[in-house]
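# Summary of the model geometry
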Amino acid sequence: VQDEAAFNFNDSVFWAIDQSEKAEFELDLNQTVLRNELVKDMESHFDDAFKERAELYLTEDLLPALMERYSPSELAQNISSKVIPFVIDFMTKRFQADNRTMFVDKYLQEYAESQGKEIVGIEGYDEQVKALIGDLNDLEFDGFTETILKGLEKEELSSNMVNYLGSTQIMIDAYHNHQLDEICTLVSASTEMENQFIKNLYKRIFYDRNELMFDRTIEDVKGGATFIGVGAGHLCGSNGLIQQYKDAGFSIRPIDTKTKDHATDFKWETYEAGNFSVDIMEGATLNESYSSN
C-alpha cells in the first residue's frame, strides 16, 4: 500500500524500531534479493506441466465456449464496457499523485536498515507466492469457464471488481483511523464467503501464514528486542499474532501511534549531578533513587 493515508502513524513506530535488535518483515525487500529470488520462484510455479494444462484449457475449453456464446463484436463490447473501466479505475487509484513512491513495508524496512538493525524476512518469496496462488499443480480449471461467462453475461464481473476496489479502500481508511476492529471484520467476512475459492485463498493468506509467522518469530522475540512489521490482518482472530503471543504467555501492551507528533511544545532543562547530566522536561523531577546514585 502506497496510499498516503496508510502512513498515518507517529514517531512511536520509529521509536519501537530504534529499541530493537532485529526488524522482521513479511519479506526481505532488499532489491537484489527481490530480483533474484522472486524471478526464480515465479518460474518454479509455472513449470512446463502447468503451462501445457493451461494451454489445453484455453484452446479446448475457454476460447471455444466464448466463440460459441459471443460474436467478436459482442465480446469486444463486453470487454470494453466491463473489464477495461475496472482496469482504468484500478490504475488511477493505484497511481494517485499524492501516493508515496514507496509502500509501507519498504519504507519501514529502509528506516530499520538505516539504523543498523538486522533485517529478517519471515517468509520466503516462494511461500508468499504460493499463499497467493496456491499449488498450481492442484489447480482445477473446472468451473472457470462458466464463472467467466456468467461474469460477462450479467453484471457480476463489474460488481465483483467494484466490491474489490471498495473493500480495499475501506481497509485503507480503517488503517488510517487506527480501527483494527474494522479491519478484522472485513477479514472475517472474507473467510466466511460462500465462494470456496475465496475461502481457500483467505485461509492461505491469513490463517496458515499466521501460524508460520508466529513459529518463525517467537524465538527471536524470546532472545531480545524484536520489531515485527506485518499486514494488519495478521493481528486478527483466534490465531492472529496478538492472540498467539498472549496464549504463549506474553504480556501485550498497545502503544499510542495516533497522537500527533510533538503536539505539545516542551521546554527542557539540564540536570547535573556528579559525573553525569541529563536533559529533562521543565517541571519534571527525577526519582530519588536515580538522583542519589
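As a starting point, this report considers the structure included with it.

What counts, and at which threshold
Residues numbered from 1 in each chain as written. Predicted model: local features only at pLDDT ≥ 70, side-chain atom pairs only at ≥ 80, totals over all residues. Heavy atoms only, no water. Helix = DSSP H or I, 4+ residues; strand = E, 2+ residues; numbered from the N terminus. Buried < 20%, exposed > 50% of the residue type's maximum accessible area, 1.4 Å probe, protein only. Contact = heavy atoms within 4.5 Å. Areas by Shrake-Rupley, 256 points an atom, 1.4 Å probe, with all protein chains shown as cover. Arc of directions from axis to C-beta. Polar contact = N/O pair within 3.5 Å; in protein donor to acceptor, adjacent residues only side chain to side chain. Salt bridge = Lys/Arg side-chain N within 4 Å of Asp/Glu carboxyl O. Phe/Tyr/Trp six-rings, centres within 6.5 Å; stacked < 30°, edge-to-face > 60°. Expected span 1.5 Å × (residues − 1). Bend = angle between axes of the 7 residues up to and from the residue. Pairing = 2+ DSSP bridges. Axes fitted to C-alpha atoms, helices over the stretch in contact; angles between N-to-C directions.

### Remarks on the overall build of the chain
Scanning the chain from terminus to terminus reveals twelve helices and five strands. In the chain, buried positions account for 29% of the 293 residues. Long-range pairs, those at least 24 residues apart, make up 78% of the contacts in the chain between residues at least 6 apart in sequence. Of the roughly 19,000 Å² that the chain leaves accessible, carbon and sulfur atoms contribute 54%.

### Points about helix H1 (residues 11-18)
Here H1 has its buried residues at Val13, Phe14 and Ile17. For H1, the arc enclosing every buried residue in end-on projection is 95 degrees, short of the 170-degree limit, so these residues lie on one face. For H1, the elements touching its buried residues are helix H5 (104-114) and strand E3 (226-229). The backbone nitrogen of serine 12 lies 3.0 Å from a side-chain oxygen of the residue at the head of H1, namely asparagine 10.

### Notes on the pattern of salt bridges
Throughout the structure, instances matching the rule amount to seven salt bridges. Arginine 216 is the salt-bridge partner of glutamate 127, the closest N and O atoms lying 2.7 Å from each other. Residue glutamate 127 is found in helix H6 (residues 125-133), and its partner arginine 216 is found in helix H10 (residues 196-223); the two are separated by 89 residues along the sequence. Residue class for arginine 216 comes out partly exposed when judged on its relative accessible area of 39%. Notably, a salt bridge pairs glutamate 219 with lysine 222, separated by 3.6 Å at the nearest N-O pair. Of this pair, glutamate 219 and lysine 222 both sit in helix H10, three residues apart, which is roughly one turn of the helix. Neither glutamate 219 nor lysine 222 differs from the other in exposure class; each is exposed. What you see here is one network of salt bridges that share partners, running through Glu26, Glu123 and Arg209.

### Focus on the packing of aromatic side chains
One pass over the structure, following the stated rule, counts nine aromatic pairs. Seen in terms of ring centroids, phenylalanine 214 and tyrosine 245 are 4.9 Å apart; in terms of plane orientation they differ by 75 degrees. Their pairing is edge-to-face. Of this pair, phenylalanine 214 sits in helix H10 while tyrosine 245 sits in helix H11 (residues 241-247), placing them 31 residues apart in sequence. Looking at phenylalanine 214, the relative accessible area reads 11%, which means it is buried. The class for tyrosine 245 is buried, based on a relative accessible area of 8%. Among the aromatic side chains, those forming a connected cluster through ring pairs are Phe7, Phe9, Phe14, Tyr107 and Tyr111.

### Brief notes about helix H3 (residues 48-69)
Counted at 1.5 Å a residue, the expected span for H3 with its 22 residues is 32 Å, and the 30 Å between its end C-alpha atoms agrees. Its maximal kink placed at leucine 58, H3 deviates by approximately 40 degrees. Buried within H3 we find Phe50, Ala54, Tyr57, Leu62, Ala65 and Leu66.

### Overview of the sheet that holds strand E1 (residues 22-25)
Strand order in the open sheet formed by three strands is E2-E1-E3, with parallel pairing between adjacent strands. Edge positions in the open sheet fall to strand E2 (118-121) and E3, since each of these has one partner strand only. Here the strands of the sheet are splayed against their neighbours by 20 degrees on average, with no regard to which way each runs. Bridging between E1 and E2 involves four bridges; their strand directions are parallel. Looking at E2, one finds that lysine 22 is bridged to glutamate 118. Along the sheet, H5 contacts E1 and E2; its crossing angle with E1, the most-contacted strand, is approximately 165 degrees.

### Considering the pairing of strand E4 (residues 268-273)
As judged from the six bridges shared by E4 and strand E5 (residues 276-281), these two strands associate in the antiparallel manner. Bridge pairing links threonine 270 to aspartate 279 in E5. A loop of two residues connects E4 with E5, the two strands running antiparallel in sequence, and glycine 274 in this loop sits at a positive phi of about 60 degrees.

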